[in-house]
Amino acid sequence: MVATAGGLLVSTFGGATAAQAAPVDHDAANKLNTVDLGALTDQAKNALQAAPVVAVDAKAKVDVEKITAKVAEKAEITPAPEPEPVVEEVVETATETVSRSAERTEVPEVASSSSLGSQIVSIASRYIGTPYVVGGSTPGGFDCSGLVTYVYAQVGIDLPHQSSAIRYASNVQVVSSSEAQPGDLIWSPGHISIYIGNGQQIDASRPDGWDTRVRDIWQSSPTFLRVTG
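The present account deals with the structure reproduced in this document.

What counts and what doesn't
Residues numbered from 1 in each chain as written. Predicted model: local features only at pLDDT ≥ 70, side-chain atom pairs only at ≥ 80, totals over all residues. Heavy atoms only, no water. Core = buried A, V, L, I, M, F, W, Y, C linked by side-chain atoms within 4.5 Å. Buried < 20%, exposed > 50% of the residue type's maximum accessible area, 1.4 Å probe, protein only. Helix = DSSP H or I, 4+ residues; strand = E, 2+ residues; numbered from the N terminus. Contact = heavy atoms within 4.5 Å. Pairing = 2+ DSSP bridges. Axes fitted to C-alpha atoms, helices over the stretch in contact; angles between N-to-C directions.

## Observations regarding the nonpolar core
In a soluble, globular protein the nonpolar side chains are often hidden away together inside.
Thought 1: Grouped together as the largest cluster of nonpolar side chains are 27 residues, with contacts concentrated most on Val-148, Val-151, Tyr-152, Leu-159, Leu-185 and Ile-192.
Thought 2: The element that contributes the greatest number of residues to this core is helix 5 (residues 144–153), accounting for five residues.
Thought 3: In contact with Ile-192, not counting residues within four places along its chain, are Cys-144, Ser-145, Val-148, Ser-163, Ile-166, Leu-185, Ile-186, Trp-187 and Leu-225.
Thought 4: Val-175, Ala-180, Tyr-195 and Phe-224 belong to the second-largest nonpolar core, a separate cluster that totals five residues.

In structure tokens, the structure reads:
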């Protein structure tokens, strides 16, 4: 469609309902000379001057056929596909809750100048809750000296499975209560345990239950021992 100074210029539509073109209006064509050709390129000037001009009556009507579903089907027009719905993926994360046994007693944190002593206390604490068994020397059941010999064996130190034999072993020496450190042993006639500091010990005994647990030192006038190797 081209607008000119003298009226509306359009190309014709095919079909019975299209507007009929009027004869060429030479006056309208001459009016193209009023266009500022200086602002156009040479190619555009040539195209403009050579283009045919069709004049259409200003009162002419142009009918445009609407595309209905029937027309589209006849013309085999395929409608654009509906957009696929966007599915948001929801990822649920399961939180695993780990609970500790209510029967387990936590070992108090204690300072020790001996890394071996700290290791002894750490190993012994794994067996808290193990039942007391006479003559027992495995995690299935301990007696007092069985616990001591089993724990020390984990760090490569052999001790006899008998409290008095441990007391007088060649690699064991007596220390004062003020010198005692976590990992040392506490001996009294018929009983032996592992000292963890702060007046507490881990032992397999029966003062308040037949099992292995953390207890306050209950022995009367115990002897503190240190294993030297």
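Anyway, onward from the coordinates.
## Considerations on the sheet that holds strand 5 (residues 172–175)
Thought 1: Taken together, six strands build an open sheet; the order of strands is 5-10-6-7-8-9 and the sheet is antiparallel. Looking at which strands have only one partner, the edges of the open sheet turn out to be strand 5 and strand 9 (211–216). Strand-to-strand twist in this sheet, taken as the mean axis angle between neighbours without regard to direction, amounts to 35°.
Thought 2: In terms of strand pairing, strand 5 meets strand 10 (residues 223–227) through four bridges, oriented antiparallel. Bridge assignment links Val-172 to a residue of strand 10, and that residue is Val-227.
Thought 3: Docked against the sheet, helix 5 engages strand 6 (185–188), strand 7 (191–197), strand 8 (200–205), strand 9 and strand 10, running at close to 55° with respect to strand 7.

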